[in-house]
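Report on the structure
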Amino acid sequence: MKLAEALQERADLNRQIEQLQARLYNNAVVQEGEKPAEDPQELMDQLDRAAARLEELMAAINLANCRTVVDGLTLTERIARKDCLRLRLEAYRELVQAASQTARRATRSEIRILSAVDVRALQSRVDAMARELRLLDNQLQQINWTTEL
């Protein structure tokens, strides 16, 4: 199994577990004399099986990410870089948005609102980070489809 396939299965299992949780909640109580639409015990069994498979996949994925080295970096290091880059990118995008909201004034007596940062330079930095994130994501996708779990 390729790493990318395992990642897809992990995503499917996470969705399945969420759905099972909702179905369990919906069938947890019934009116006296009625039966639930679905058997809660069967739903719990399905949830336990899905969680056990998810645990296996998560361990295998993490081990593959640690042992796979491309151009001197493990997949774990690349993923950490991607996650932190995404975090920084979001913060800088919000800063650009906020700094671009300078208020216009109708008279000279009104308070002037000015940007505290160079929006143009910051936007260039945001664009460069977004480009780096896209390239890094593409590299990770390529590696995931060529790496055996």
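Residues numbered from 1 in each chain as written. Predicted model: local features only at pLDDT ≥ 70, side-chain atom pairs only at ≥ 80, totals over all residues. Heavy atoms only, no water.

**Here's the deal with helix α3 (residues 75-99)**
A rise of 1.5 Å per residue sets the reference length of α3, with its 25 residues, at 36 Å; its end C-alpha atoms lie 35 Å apart and thus fit the reference within 8%. Along α3, the residues classified as buried are L75, R78, K82, L85, L89, V96 and A99. The inward-facing, buried residues of α3 contact α1 (3-26), α2 (40-67), β1 (69-70), β2 (73-74) and α4 (119-146). (Helix = DSSP H or I, 4+ residues; strand = E, 2+ residues; numbered from the N terminus. Expected span 1.5 Å × (residues − 1). Buried < 20%, exposed > 50% of the residue type's maximum accessible area, 1.4 Å probe, protein only. Contact = heavy atoms within 4.5 Å.)

**Focus: the nonpolar core**
Ranked by size, the top nonpolar core spans 16 residues in total, and within it L3, L13, I17, L47, L57, I61 and L75 carry the most contacts. Every element with two or more residues in this core is listed here: α1, α2 and α4. For this core, the leading source of residues is α2, giving seven residues. When near neighbours in sequence (up to four residues on either side) are disregarded, I61 contacts L3, A6, L7, R10 and L149. In terms of nonpolar packing, the next biggest core, distinct from the first, is built from eight residues, V96, L122, V126 and L133 among them. (Core = buried A, V, L, I, M, F, W, Y, C linked by side-chain atoms within 4.5 Å.)

**Here's the deal with the pattern of salt bridges**
Side chains that carry opposite charge are capable of pairing whenever their charged atoms lie near each other. All told, the structure shown has eight salt bridges when counted by the stated rule. In this structure, the salt-bridge partner of D137 is K82, at a minimum N-O distance of 2.9 Å. Separated by 55 residues along the polypeptide, D137 in helix α4 and K82 in helix α3 bring together distant segments of the chain. (Salt bridge = Lys/Arg side-chain N within 4 Å of Asp/Glu carboxyl O.)

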